[in-house]
Amino acid sequence: AGPEQPAAGGSRAAHVVIDSVGKTFRRAGRRTVAISGLSLQVAPGELVCLLGPSGCGKSTLLRIVAGALAADQGSVTVGGRPVTGPAPDRGMLFQSPMLFPWLTTRKNVLFGPKAQRAAGADQRDDPELDAEADAILATVGLAQFSDAFPHELSGGMQHRAAFARAMVTRPSVLLMDEPFGALDAITRVRMHEFLLTMWEQYRITIIFVTHDIEEAVLIGDRVAVMGGRPPGIKEIIDVPLGRPRHALDVDTEEFLAVKRRIRASLLA
């Protein structure tokens, strides 16, 4: 089957339903249960963090929601439509921005949509798409760097370019796999602020993978604590903090109380 098409109307936020999903990897006679019987619902426009140690199945789950990996059991629906493969309604960001070094910022942003048009034998220019790319580059503060190559951008700028590339197809869900893990502390703080500003503006559904408790509390509406054997969700914890949130909030008693609760769940 070919890739799915976005839901009618191009909604900017979709309801994600993960129902009893399991995945087992088999290599060289060895059987490894990555996740088992995992269920989670993410409301339209919600920002949910998947938090846990390495090997607890966070990235595996994200790849299943993206359609890049098939589950062995259970199902995933996005906007009421079963996930059977990758589709433009689900954007994905990784720890590395994964920009093509030989393309300018603008051409990197347009690469996905242009490739889809080429695959469909439609080679016509699309002024609407070009205008959308320019608008998104302006929104993420890269309008003056549209003709720059990746090596000419700072780390934070590269991540903003990757965000623009993910958003140009107008996804209803954004899947983020530890996207700021390799950044220095100051740039990471700035990227948290950038992400929250963009999320407030676009209001799409976000599932964000992290192993950093402070990061999860700073950005999430809820935190799904993962772990155990077989791996799954141990507990889902609401983050009862107001918005907007800022880096200085991490020292407040309310913030620290949520961190303590999540840490206790991780260690339980």
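Everything that follows concerns the structure shown earlier in this document.
Residues numbered from 1 in each chain as written. Predicted model: local features only at pLDDT ≥ 70, side-chain atom pairs only at ≥ 80, totals over all residues. Heavy atoms only, no water.

*Asks:* Could you clarify how one ought to interpret helix α7 (residues 253-267) in this entry?
*Replies:* In an α-helix, one full turn covers 3.6 residues, which means residues spaced three or four apart are oriented alike. With 15 residues, α7 should reach 21 Å at 1.5 Å per residue; the first-to-last C-alpha distance of 21 Å fits that figure. Three or more residues of α7 are buried, namely Phe255, Val258, Lys259, Ile262 and Ser265. Considered in projection along α7, the buried side chains sweep an arc of 125 degrees and stay on one side of the axis. Next to the buried residues of α7 lie β3 (47-51), α6 (213-219), β9 (222-227) and β10 (232-238). (Helix = DSSP H or I, 4+ residues; strand = E, 2+ residues; numbered from the N terminus. Expected span 1.5 Å × (residues − 1). Buried < 20%, exposed > 50% of the residue type's maximum accessible area, 1.4 Å probe, protein only. Arc of directions from axis to C-beta. Contact = heavy atoms within 4.5 Å.)

*Asks:* Honestly, the nonpolar core in this entry has me stumped. Any pointers?
*Replies:* When a protein is soluble and globular, its nonpolar side chains tend to lie buried together. Core analysis: the biggest nonpolar cluster contains 51 residues, and Phe163, Ile206, Phe208 and Ile262 have the highest contact counts within it. Not counting chain neighbours up to four residues away, the residues in contact with Phe208 comprise Leu47, Val48, Cys49, Leu50, Met176, Pro179, Phe180, Leu195, Glu215 and Ile219. Membership of the second largest hydrophobic core comes to 29 residues, among which are Ala34, Val65, Leu69 and Met92. (Core = buried A, V, L, I, M, F, W, Y, C linked by side-chain atoms within 4.5 Å.)

*Asks:* So what exactly am I meant to see when it comes to the sheet that holds strand β8 (residues 205-210) here?
*Replies:* Picture the strands of a sheet paired through backbone hydrogen bonds; they go either parallel or antiparallel. On the basis of which strands lie adjacent, the open sheet formed by six strands has the order β6-β7-β8-β3-β9-β10 and mixed pairing. Strand pairing shows two members of the sheet lacking a second neighbour, β6 (90-93) and β10, which therefore form its edges. Taking each pair of neighbouring strands and ignoring which way they run, the sheet shows an average axis angle of 20 degrees. In this structure, strand β7 (residues 173-177) lies alongside β8, joined through five bridges in parallel fashion. Residue pairing for β8: Leu174 is matched across the bridge by Ile206. The strands touched by α7 are β3, β9 and β10; relative to β10, the strand with the most contacts, the crossing angle is about 165 degrees. (Pairing = 2+ DSSP bridges. Axes fitted to C-alpha atoms, helices over the stretch in contact; angles between N-to-C directions.)

*Asks:* Please clarify how the packing of aromatic side chains should be interpreted in this entry.
*Replies:* Aromatic rings in a pair are described by how distant their centres are and how their planes are angled relative to each other. Applying the stated criterion to the full structure yields five aromatic pairs. Centroid distance Phe100 to Trp102: 5.1 Å. Interplanar angle 40 degrees. Geometry classified as tilted. Here Trp102 falls in the exposed class, since its relative accessible area comes to 60%. Ring centres of Phe163 and Tyr202 lie 6.3 Å apart, and the angle between their planes is 55 degrees; on these two criteria the pair is classed as tilted. A residue pair is termed long-range when its members are at least 10 positions apart, and Phe163 in helix α4 (residues 155-167) and Tyr202 in helix α5 (residues 185-202) qualify at 39 residues. Given the relative accessible area of 12%, Tyr202 is considered buried. An aromatic cluster is present here, built from Phe100, Trp102 and Phe111 joined pairwise through their rings. Here the basic side chain of Arg203 rests over the ring of Trp199, its NZ or CZ set 4.1 Å away from the ring centre. (Phe/Tyr/Trp six-rings, centres within 6.5 Å; stacked < 30°, edge-to-face > 60°. Lys NZ or Arg CZ within 6 Å of the ring centre and 35° of its normal.)

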